[in-house]
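Understanding the architecture of this molecule
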Amino acid sequence: MKASKLVTTASVSALLVGMSGVAQADNWRYAHEEYEGDVQDVFAYAFKEHIEDNSDHTVQVYRFGELGESDDIMEQTQNGILQFVNQSPGFTGSLIPEAQIFFIPYLLPTDEETVLEFFDESEAINEMFPELYAEQGLELLKMYPEGEMVITTNEPFTSPEGLDNKKIRTMTNPLLSETYDAFGATPTPLPWGEVYGGLQTGVIDGQENPIFWIESGGLYEVSPHLTFTGHGWFTTAMMANQDFYEGLSDDDKELVQEASEVAYDHTIEHIQGLAEESLAKIQEASDEVTVTRLNEEQIQAFRDRAPQVEEEFLEMTGERGEELLNQFKEDLEEVSND
């Protein structure tokens, strides 16, 4: 499961060979954080197909580990080595603190239809976030949800007390650490490539991810107790190096925007029912897996701890974070009342 740093270095070096005039390059480079067939991969290949079917350009897709971890591919995008990158706000949070808003627990609803409508119509998502990303030299093309977060552990739990002293892996994201601290666990930041081994050896006692990642990464093999807490959705963002994007012709800009829309629509269709399919595969593959869906009373015990995470978000992000959070809540209210 670990990405080889030697391979990573060699791969990046290979990318640099012959790279003159990236903005005019016919072969565009696109890296994401997941494995073959996972949601970000589905998005990347739908984007690639549209570009290649409607132009002379080609798109080279790099999957998890081929060019390093999430931090590596973001750095390569900002430096212009990559033209496109797909990265979760969980990792972008250190670069764009406001992106951590997705880790305020119980902010997003669990209902899939409402979540998808929110991403389609939200002013916060579609108007405010692009401005924040632009400040970091990134052209935000699409934000989209991948699936409801599920916690896997070495023992079942139904309350915050059940997470006491449990080392739960988090992304390198201060607000996500605050969430698990609020939930009673011990947040333990760990790169994605080390999660399986960490669970196997007891370095960590659990982790959170959408069901399809738990299935494709085999995490249920070493962390068999799955708990649906209803606390959030995994969200990701697809973006371009802004200098590259701004250097495109008007036709190519339109092509990239169209490809992003086509990939978004295709991916949203793909994720509907994906969680159920992935859970069925897990249960078929292992007799040791248990699945716990917390009831409303049990969820409330976790929800009661969410305000301290929201307060921490506002402390980290100030007035801009407050403005974004208010718009977020307004957008959610509108889709929830439809």
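Above this text you will find the structure in question.
Heads up: these notes are all about the structure in this document. Since the structure is predicted, the reported quantities are computational estimates derived from the model, not experimental observations. (Residues numbered from 1 in each chain as written. Predicted model: local features only at pLDDT ≥ 70, side-chain atom pairs only at ≥ 80, totals over all residues. Heavy atoms only, no water.)

Re the environment of Lys-167
Worth spelling out the cut-off: Numbering of helices and strands runs from the N terminus, with a helix taken as a DSSP run of H or I at least four residues long and a strand as a DSSP run of E at least two residues long.
For Lys-167, the position within the fold is in strand E5 (residues 167–170). For the pair Lys-167 and Pro-156, spaced 11 residues apart in the sequence, the C-alpha separation amounts to 14 Å.

Some points on the packing of helix H5 (residues 112–121) against helix H6 (residues 123–134)
In plain terms, the rule: Angular values range over 0 to 180 degrees, each being the angle between N-to-C directions of two axes fitted as lines to C-alpha atoms, with helices fitted over their stretch in contact. For this classification, under 35 degrees means roughly parallel, over 145 means roughly antiparallel, 65 to 115 means roughly perpendicular, and everything else is oblique. In this description, contact between two residues means that some pair of their heavy atoms is separated by no more than 4.5 Å. Only Asp, Glu, Lys and Arg are considered charged, only Ala, Val, Leu, Ile, Met, Phe, Trp, Tyr, Cys and Pro nonpolar, and every remaining residue, Gly among them, polar.
The contact between H5 and H6 brings their axes to 5 Å, and the two run at 40°. Accordingly, the angle class assigned to the pair H5 and H6 is oblique. Facing H5, whose interface residues are Phe-118, Phe-119, Asp-120 and Glu-121, H6 presents Glu-123, Ile-125 and Asn-126. Residues of the contact of H5 with H6, tallied by class, amount to three nonpolar, one polar and three charged.

A look at the pairing of strand E1 (residues 27–31)
Applicable threshold: With a 1.4 Å probe rolled over the protein chains alone, any residue whose accessible area is under 20% of its type maximum counts as buried; one over 50% counts as exposed, and the rest are partly exposed. At least two DSSP bridges between two strands are needed for those strands to be called paired. When the strands point away from the viewer, a crossover counts as right-handed if the path from the first strand over the helix to the second runs clockwise.
Counted residue by residue, E1 has four buried out of five residues, so it is predominantly covered. Pairing of E1 with strand E2 (residues 58–62), which is carried by five bridges, proceeds in the parallel orientation. Of the residues in E2, the one forming a bridge with Asn-27 is Thr-58. The β-α-β motif built from E1, the intervening helix H2 (residues 39–53) and the parallel element E2 has right-handed crossover chirality. Alignment of E1 against strand E3 (residues 84–87), held across two bridges, turns out to be parallel. Following the sheet pairing, Tyr-30 is matched in E3 by Phe-84.

Focus: helix H14 (residues 307–336)
Our working rule: How far a helix is expected to stretch is found by multiplying one less than its residue total by 1.5 Å. Fitting one axis to the seven residues ending at a residue and another to the seven starting there, the bend at that residue is the angle between the two axes.
The terminal C-alpha atoms of H14 lie 21 Å apart, and with 30 residues this falls more than 12% below the ideal 44 Å at 1.5 Å per residue. Bending of H14 peaks at approximately 130° at the position of Gly-318. Within the sequence span of H14, burial applies to Val-309, Phe-313, Thr-317, Gly-321, Leu-324, Leu-325, Gln-327, Phe-328, Asp-331, Leu-332 and Val-335. Turning to H14, the residues buried within the fold contact H5, H6 and helix H7 (174–182).

Observations regarding unusual backbone geometry
Its identity is not glycine, yet Tyr-106 carries a phi of approximately 65°, on the positive side. Mapped onto the fold, Tyr-106 is located in the loop between helix H4 (89–92) and H5. Under the relative-accessibility criterion, Tyr-106 is labelled buried at 14%. Its identity is not glycine, yet Asn-165 carries a phi of approximately 65°, on the positive side. Within the element layout of this structure, Asn-165 appears in the loop between strand E4 (138–153) and E5.

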